[in-house]
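The residues making up each chain are set out below.
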Amino acid sequence: MRPALRRYSDHIIVVILALMCYVLFFYRLGDIGLIGPDEPRYAAIAREMLMSGDYITPRLYGTPWFEKPPLMYWLACVGYKLFGINEAGARFPSALGATICVFFVYWCGRRLRDASIGFLAGVILATSIGFFAFARAASMDMLLSACLTMALVFFLFGYNDPAPRRFWFYAFYTALGLGVLAKGPVALLLPALSLGGFLLLRRKWDDLRTWHPWELWITAAVAAPWFLLCTIANGRDFIGVFFINQNIERFTTTIHGHGRPFYFFVPVLLLLTLPWTFLLIPALRGGFTKNEHLLAWWAIVPFVFFSLSQSKLPGYILPIAPPIALLLAKELLQPVSRAYKVAVFIEAGTMVFIGVAFGFYGSTLNMDPHVSGTLIATITFLMAGILSVMALWLRPMFLAFFNTAAILGIVITATTMVFPRFDLTDTMRPWKPALAEFVSDDQAVLMYKPPRWAEYGLQYYRFNRVRAVFSPEDLIHATAGEQRVLCIAEDKTLEELTHLANLDLKVVHTIGNQRAFWAWQTK
C-alpha cells in the first residue's frame, strides 16, 4: 500500500466492512415475509411488547411466553421504531448482531495480529453462507453469537494485555450478562467449558486468578434484574417453563420434537462456513499459538456440547463461526501448500455436487430453489472450473477475492430476484391483502390442518384472528350456526373436504399451493 494511503488503511477497511455488512445483512431485509414458525412468533411478541409497554413479561397474543429471554424482543422494539412494525424491524436484532460480530472479529485480528488478518477474518465471517442466512432471520441465535463474540474478544484482550487487564474483564463479564439475556444460561456454560478446557490444556492454574472470576457479579448485575422481575410478575410458571422445560428438558429430551442424530452438526458446519469451510484443512495442520488454542476451544465446545444434546437445531452452533473465521484468516496469507490445494479442490468438488443436486435432482430432493436448474448447474460448474485453476496456479489471496466476489454477487442477485419469490410459497404475507377483499380485519379466518409455519405466519399478519382446525368434524362444528366461514387449506388437505356430504365449499382465491374457500353447512 502506498505511504499516503497507509495512514488511512483502517478507515478504508472499516468502510469496506460496513458496506459489506449493509449489502449482506441489511439490504432489502424486509422484502420477504416472515418465514417458519419462529420468525412470526418472535416478531409478534416484540410487537405486543412495544404496543403494551410491558417490557418484562413476553406475551404471545396476550398469553405469557417464557421460552426465551427478552434481549431480542427489546432490540426488535428498537427495530420497529427505526423501520416501522414490519419484517425489517423484526430482523433488525439479527442484522445488528451479525454486524457486531464482523467488526469485533476485525478488531480482534487487528489488535492481536495485524489489520490484514482482522480484515480477512471479517470478510470470511460476513460472506459465510450460514452466517449470512441467520443474519437475515428474526431469531435469538445471532444475538447470542454477538454476545459470545464480544466476550471472546474482550477476554483475549485482557489475557494478552499486561497493563490494565481488569477493564477488559469487566467488559468480558458484561458481555456474558448480555448473552444470558439473549439466550439464557447457555451463555455462561459454553464460555465456562471453553475456558476450562483451555486452562486444562495449558496447565497454568494460576491464570485463573488473573481472569478475575469474582467479577461474575457484573454478569449477575446485568442479567439478574429481568429474571427477578419476571419471576415476581409470573411466579413458578416462569421458572418451570424457562429453566426446566426450555433448558434442562430441551437438552436431555426430544420433548420439542427436534431430535437429530449425533452427527447432525457436521453438515451444518459445512454449510455454516461455506465457501471457506475447507480452509480448516490447512488451518489445522500446523501448531497453534496460545490465542489460537483458545479460539479452537471456543469453537469446539459448542459443537461437541450441542452434539450431545437430545434436541438439535442448526442455529445452536452459530457462535462457532467467529472464532473459526479468525483461525482461517491467516491461511489466506500463507504460501501455496498441498493442504491448501486439497482444500480448494474439495471446494470445487462441492460446487459440482451442488450443481448436480439442485440443477438436475431438485424435484427429487423435494426442494424448489425458485431458480432454473440449468442456471444453477452452469454457475456452479463454472465456479468449480475457476477454483480448480486457482488451486493449481494461484496464491490463496486470489481465493479470498473470488469467494468474496462470488458470495456478494449471489447475495445481491438472490435478495433482488430470488428471495421475493419465496413470498408466495413459504410465507403468509401475501394472504394479508388477499383476505382483506373477503373479510374484515376483526373477523376470524379458519385454517384447516395448517403446518406450523403457516399457522403462526397468518396469526402474525392477522393479529391472531385465526383459528386452526384439524379434522373434518372440527370444521363442521366451526360452521354451525354461521352462514359461511372463510377457510384456508393446502391443496392436499383440501381434497379430503370435497367428499363431505353436509358441507359445501367455494374456492375464491389461490396463492402458491394454498386456497382460500368459503365453507358452509347444507341443510
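What counts, and at which threshold
Residues numbered from 1 in each chain as written. Predicted model: local features only at pLDDT ≥ 70, side-chain atom pairs only at ≥ 80, totals over all residues. Heavy atoms only, no water. Helix = DSSP H or I, 4+ residues; strand = E, 2+ residues; numbered from the N terminus. Rg over C-alpha atoms; globule rule 2.2 N^0.38 Å. Buried < 20%, exposed > 50% of the residue type's maximum accessible area, 1.4 Å probe, protein only. Contact = heavy atoms within 4.5 Å. Areas by Shrake-Rupley, 256 points an atom, 1.4 Å probe, with all protein chains shown as cover. Lys, Arg positive; Asp, Glu negative; His and termini not counted. Charge placed at Lys NZ, Arg CZ, Asp CG, Glu CD. Phe/Tyr/Trp six-rings, centres within 6.5 Å; stacked < 30°, edge-to-face > 60°. Lys NZ or Arg CZ within 6 Å of the ring centre and 35° of its normal. Core = buried A, V, L, I, M, F, W, Y, C linked by side-chain atoms within 4.5 Å. Polar contact = N/O pair within 3.5 Å; in protein donor to acceptor, adjacent residues only side chain to side chain. Right-handed = clockwise from strand over helix to strand, strands pointing away. Pairing = 2+ DSSP bridges.

So, the overall build of the protein chain
Part 1 of the reasoning: A count of helical and extended segments in the protein chain gives 25 helices and seven strands.
Part 2 of the reasoning: Computed over its C-alpha atoms, the radius of gyration of the protein chain comes to 25 Å, within 12% of the 24 Å expected for a compact globule of 523 residues.
Part 3 of the reasoning: If one aligns the C-alpha atoms of the protein chain with their principal axes, the spans along those axes are about 85 × 60 × 45 Å.
Part 4 of the reasoning: Classification of the 523 residues of the protein chain by burial places 52% in the buried group.
Part 5 of the reasoning: Put simply, of all contacts in the protein chain between residues at least 6 apart along the chain, 74% involve residues at least 24 apart.
Part 6 of the reasoning: Carbon together with sulfur atoms contributes 65% to the accessible area of the protein chain, which is approximately 23600 Å² in total.
Part 7 of the reasoning: Between the centroid of the 44 positive side chains of the protein chain and the centroid of its 34 negative side chains there is a distance of 10 Å.

Looking at the packing of aromatic side chains
Centre distance and the angle of the planes are the two values used to describe a pair of aromatic rings.
Part 1 of the reasoning: Counting across every chain of the model gives 30 aromatic pairs.
Part 2 of the reasoning: Ring centres of Phe 305 and Phe 306 lie 5.0 Å apart, and the angle between their planes is 80°; this geometry places the pair in the edge-to-face category.
Part 3 of the reasoning: Between Phe 306 and Tyr 316, the aromatic rings sit 5.1 Å apart at their centres with planes inclined by 40°, giving tilted as the arrangement. Here Tyr 316 lies in the loop between helix H16 (290-308) and helix H17 (321-329) and Phe 306 lies in helix H16, a separation of ten residues in the sequence. Comparing Phe 306 with Tyr 316 shows no difference in burial state: the two are buried.
Part 4 of the reasoning: These aromatic residues form a ring-pair network of at least three members: Phe 155, Tyr 159, Phe 169, Phe 172, Tyr 173, Phe 198 and Trp 211.
Part 5 of the reasoning: Here the guanidinium or amino end of Arg 47 rests over the ring plane of Tyr 460, the centre of that ring lying 4.2 Å away.
Part 6 of the reasoning: The aromatic ring of Phe 463 is capped on one face by Arg 47, whose charged end is 3.7 Å from the ring centroid.

Re the nonpolar core
Part 1 of the reasoning: Core analysis: the biggest nonpolar cluster contains 147 residues, and Phe 25, Tyr 73, Phe 131, Phe 172 and Trp 431 have the highest contact counts within it.
Part 2 of the reasoning: Ranked by the residues each element gives to this core, the list is headed by helix H8 (residues 141-160), at 15 residues.
Part 3 of the reasoning: Ranked by size, the runner-up nonpolar core spans 13 residues in total, among them Val 485, Ala 489, Leu 497 and Leu 503.

Observations concerning the environment of Cys 487
Part 1 of the reasoning: With respect to the secondary-structure elements, Cys 487 resides in strand S5 (residues 485-490).
Part 2 of the reasoning: For Cys 487 and Arg 515, which are 28 residues apart along the polypeptide, the C-alpha to C-alpha distance reads 8.2 Å.
Part 3 of the reasoning: Residues contacting Cys 487, with those up to four places away along its chain left out, are Leu 446, Leu 475, Arg 515, Ala 516, Phe 517 and Ala 519.

A few points about the side chain of Glu 87
Part 1 of the reasoning: For Glu 87, the location among the structural elements is in helix H5 (residues 87-112).
Part 2 of the reasoning: Setting aside residues up to four positions removed in sequence, Glu 87 forms contacts with Gly 30, Ile 32, Gly 33, Leu 34, Arg 429 and Tyr 461.

A short note on the environment of Thr 404
Part 1 of the reasoning: With respect to the helices, strands and loops of the structure, Thr 404 is situated in helix H20 (residues 396-418).
Part 2 of the reasoning: Exposure remark for Thr 404: the relative accessible area of 13% places this residue in the buried category.
Part 3 of the reasoning: Each C-alpha atom, one on Thr 404 and one on Val 123, is 7.3 Å from the other, the two residues being 281 residues apart in sequence.
Part 4 of the reasoning: Filtering out sequence-adjacent residues up to four positions away, Thr 404 remains in contact with Met 20, Val 123, Thr 127 and Trp 276.

Concerning the side chain of Asp 141
Part 1 of the reasoning: Its place among the elements puts Asp 141 in helix H8.
Part 2 of the reasoning: Assessed through its relative accessible area of 13%, Asp 141 is described here as buried.
Part 3 of the reasoning: Side chain to side chain, Asp 141 and Lys 183 meet in a polar contact 2.9 Å long.
Part 4 of the reasoning: The contacts of Asp 141, once residues within four sequence positions are left out, are Phe 134, Lys 183, Gly 315, Tyr 316 and Leu 318.

Considerations on the pairing of strand S3 (residues 445-448)
Part 1 of the reasoning: Alternating positions in S3 separate into two faces, Val 445 and Met 447 on one and Leu 446 and Tyr 448 on the other, with burial throughout.
Part 2 of the reasoning: Between S3 and its parallel partner strand S4 (residues 466-469), the chain crosses via helix H23 (residues 452-461), and the hand of that crossover is right-handed.
Part 3 of the reasoning: Alignment of S3 against S5, held across two bridges, turns out to be parallel. Bridging from a neighbouring strand, Leu 446 pairs with Cys 487 of S5.

Interpretation in functional terms is not warranted from these geometric data alone.
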